[in-house]
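One letter stands for each residue in the lines below.
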Amino acid sequence: MRGIVWFRQDLRLADNAALVRACEECSEVIPVFICDDNLESMGRIGGASQVWLHSSLKSLASDLREKGSKLILKKGKALTVLEDLIASTQATHLYWNRCYEPSIRKRDEAIKTKLKASMKVQSFKGNLNFEPWEVLKKDETPYRVFTPYWKKSLLEERKPLPLPTPIDLKAMKSMPASLSLESLDLLPSHPIPDWHTPMMSRWNVGEKAALKTLNDFLKNNIASYKTQRDFPAVRATSTLSAHLHFGEISPVQIAHYTNAFAKGDSDHEAAAKAFLRQISWREFAYYLLFHFPHTLSQPLNKKFERFLWAQDYQDDLRKWQQGRTGFPIIDAGMRELWATGLMHNRVRMLVASFLTKNLLIPWQEGEAWFRDTLIDADLANNAMGWQWVAGTGVDAAPYFRIFNPRLQSKKFDKGGDYIRRWVPELAALDKKYIHEPTTEMSKECSYPLPMVDLKVTRQRALERYKDLKS
Ligand SMILES: Cc1cc2nc3c(=O)[nH]c(=O)nc-3n(C[C@H](O)[C@H](O)[C@H](O)COP(=O)(O)OP(=O)(O)OC[C@H]3O[C@@H](n4cnc5c(N)ncnc54)[C@H](O)[C@@H]3O)c2cc1C
């Protein structure tokens, strides 16, 4: 029997249910990745993520090669590519791990319906601890608020062991033809400006790198995760998000290795709980996407469809994107994003609040910019993060959640180290002024003056919110 394993957001060999089952059931296995450029969500993959995907596929291909197999790369409409491949290889089985984005689910359902008439098609849980339909309220409806969802999932907690990498990948003797990685066109077509080479020089990509990142984090940082994770100048978080997005590591592996590391030490156990709670936020994002698919681009709370956003905001949006708002912590975050493809979570909340509350720019604009520039851009996490900050329905806050960037900066970047790192023109300022340089200081440092009055714009946002409520 010959089987195809269709890799998607599970670019790893360990804890890969589809791969394990294929190697159990088939005598020959063909690993395939398809760049489905007809798919809406493929078109949604931003520039930074495409660059990461390029490296991730390279790494997966190399890991498969080491084990005597080969990654077959294809491009085109997934159903057509699969049908061609099935015809040319006489494959009788098809395996994949499930994805949850609405357009992917629709496509996968259509593929399953079409192909299962002539072959065995199986899908598996590969990217979540819980399937979205496994955690429901007593009345069988989905949660809209995180904490009760999290508590319920803790009650239901199972602790599965990660699946090992199959010893024999059952490589087909004469593998079908593959495209070259370059021909998938994932790297930017214009070499100038070269933004991606310096960005990627900061990251190690692939399954081995993901496991090393987790191990290093457990050894060096988890103990301080709970107390330090909100401070952007400190390297206290795991930086696993891009690895998780592309499935180079699974949440089951993360939970298992984290619990095993922490076991028996009460401080580590508390830290592990705080860390795994964030992994549950990721689960919750996928959960919301599954149950409320419209929230990718529309507010969860329909009332917000009537919210009065600003008009003609292109200049303001550009200042925000380029880190030229005149608010040092906001500019530091936006410049960190451009240089590294990542932004610290606390700062993501601040820049999102600034965009949606102080500038009144629709959250979808921020979501789109993040999607294009983040290496961990993830439709579920990104849309939920933006809706959470914008207050448009996810975990709605009673007081409309408006962060004051200066107060937050003084609290979470007290010494100004994060600002100094990313806004070098302010590096010489004393910590007393770095969060809020005087007009003279800003001029001397060639740093922009604040683009808005925080108090006035806060009041304006609150009034719009009140209007909406009434
Ligand atoms: C406006 C906004 C947009 C965001 N967009 C994305 C995105 O596109 N992709 C993305 O992966 N995360 C997103 N996040 C969530 C969070 O900022 C990142 O997951 C986190 O900063 C990644 O760093 P880390 O891996 O070191 O996190 P850690 O603190 O080490 O957390 C471990 C993992 O838990 C998950 N996680 C942590 N915090 C959150 C959270 N608040 N929501 C959902 N999952 C979480 C991530 O997978 C993360 O890798 C967004 C948050 C906001 C406020």
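Parameters and conventions
Residues numbered from 1 in each chain as written. Predicted model: local features only at pLDDT ≥ 70, side-chain atom pairs only at ≥ 80, totals over all residues. Helix = DSSP H or I, 4+ residues; strand = E, 2+ residues; numbered from the N terminus. Rg over C-alpha atoms; globule rule 2.2 N^0.38 Å. Contact = placed C-beta atoms within 7 Å. Domains from an automatic or database assignment. Nonpolar A, V, L, I, M, F, W, Y, C, P; charged D, E, K, R; others polar. Buried ≥ 20, exposed ≤ 12 C-beta atoms within 10 Å, placed from the backbone. Near = placed C-beta within 6 Å. Expected span 1.5 Å × (residues − 1). Arc of directions from axis to C-beta. Pairing = 2+ DSSP bridges. Axes fitted to C-alpha atoms, helices over the stretch in contact; angles between N-to-C directions. Core = buried A, V, L, I, M, F, W, Y, C linked by C-beta atoms within 7 Å. Right-handed = clockwise from strand over helix to strand, strands pointing away.

1. Things to note about the overall build of the protein
- Summing up its helical and strand segments, the protein has 22 helices and 5 strands in all.
- Here the C-alpha atoms of the protein give a radius of gyration of 23 Å, agreeing with the 23 Å that 2.2 N^0.38 yields for 470 residues.
- For the protein, contacts bridging at least 24 residues in sequence account for 78% of all contacts bridging at least 6.

2. Some remarks on the domain arrangement of the protein
- Domain boundaries in the protein define domain 1 (1-126), domain 2 (128-159 + 206-291) and domain 3 (302-469).
- For domain 2 versus domain 3, the distance between C-alpha centres works out to 26 Å.
- Contacts between the two partners involve 15 residues from domain 2 and, on the opposite side, 17 residues from domain 3.
- Elements that contribute at least two residues to the side of domain 2 that touches domain 3 include exactly α10 (241-245) and α12 (266-291).
- Looking at the side of domain 2 that touches domain 3 element by element, the count peaks at 5 residues for α12.
- In terms of residue class, the side of domain 2 that touches domain 3 is built from 10 nonpolar, 3 polar and 2 charged.

3. Let's talk about unusual backbone geometry
- Phi at threonine 239 is positive, roughly 50 degrees, even though this residue is not glycine.
- Structurally, the position occupied by threonine 239 is in the loop between α9 (222-228) and α10.
- Phi is positive for leucine 360, which is not a glycine, with a value near 55 degrees.
- Among the secondary structure elements, leucine 360 is positioned in the loop between α15 (345-358) and α16 (363-373).
- Taking the C-beta count within 10 Å as the criterion, leucine 360 has 19 such neighbours and is therefore assigned partly exposed.

4. Description of the site of the ligand
- Taken together, 27 residues sit near the ligand, with Thr237, Ser238, Ser241, Asn382 and Gly385 positioned nearest.
- Those elements that provide at least two residues to the shell around the ligand are α10, α12, α15 and α17 (379-390).
- Of the residues in the shell around the ligand, the class split is 12 nonpolar, 10 polar and 5 charged.

5. Focus on helix α8 (residues 207-220)
- Compared with the 20 Å implied by 1.5 Å per residue over 14 residues, the 20 Å span of α8 between its first and last C-alpha is a close match.
- Those residues of α8 that fall on the buried side of the exposure criterion are Glu207, Ala210, Leu214, Phe217 and Leu218. In an axial view of α8, the angular spread of the buried residues amounts to 100 degrees, which keeps them on one side of the axis. In α8, the exposed positions angled more than 90 degrees off the buried face are occupied by Asn215, Asp216, Lys219 and Asn220.
- Structurally, α8 contributes buried residues whose contacts are with α3 (47-66), α9, α10 and α11 (251-262).

6. Some points on the sheet that holds strand β2 (residues 28-35)
- Here 5 strands make up an open sheet; going across it, the order is β3-β2-β1-β4-β5 and the pairing parallel. A single partner strand is all that each edge strand has here, and the edge strands are β3 (72-75) and β5 (120-124). Recorded for the sheet is a direction-independent mean angle of 25 degrees between the axes of neighbouring strands.
- Seen against the sheet, helix α1 (residues 17-25) touches β1 (2-7), β2, β4 (93-97) and β5 and runs at an angle of roughly 155 degrees to β4.

7. Here we look at the nonpolar core
- Core analysis: the largest hydrophobic core is formed by 98 residues, its most contacted members being Val5, Trp6 and Val32.
- Once residues within four sequence positions are removed from consideration, valine 5 is found in contact with Ala18, Leu19, Ala22, Val29, Pro31, Val32 and Tyr95.
- Within the second largest apolar cluster, 18 residues are counted, among which are Ala210, Ile222, Val252 and Phe275.

8. Brief notes about the environment of lysine 77
- Within the secondary structure, lysine 77 sits in the loop between β3 and α4 (78-89).
- By the C-beta count within 10 Å, which is 14 here, lysine 77 ends up partly exposed.
- Taking the C-alpha atoms as reference points, lysine 77 and aspartate 37, 40 residues apart in sequence, are found 6.7 Å from one another.

9. Re the environment of alanine 262
- Along the chain, alanine 262 turns up in helix α11.
- Residues alanine 262 and alanine 223 lie 39 residues apart in sequence; the distance between their C-alpha atoms is 9.3 Å.
- When near neighbours in sequence (up to four residues on either side) are disregarded, alanine 262 contacts His268, Glu269, Ala271 and Ala272.

10. Concerning the pairing of β1
- Taken across its 6 residues, β1 has 5 buried, putting it largely inside the fold.
- You can see the chain leave β1, run along α1 and come back into β2, and the turn it takes is right-handed.
- Where β1 lies against β4, 4 bridges are found, and the strand directions are parallel. Bridge assignment links isoleucine 4 to a residue of β4, and that residue is leucine 94.

11. Observations regarding the environment of tyrosine 257
- Considering the arrangement of structural elements, one finds tyrosine 257 in helix α11.
- Among the residues examined, tyrosine 257 registers 17 C-beta atoms within 10 Å and is labelled partly exposed.
- Put simply, tyrosine 257 and proline 162 are 95 residues apart on the chain and 9.2 Å apart in space, counted from C-alpha to C-alpha.
- Dropping the residues within four chain positions of it, tyrosine 257 is found in contact with Leu214 and Leu218.

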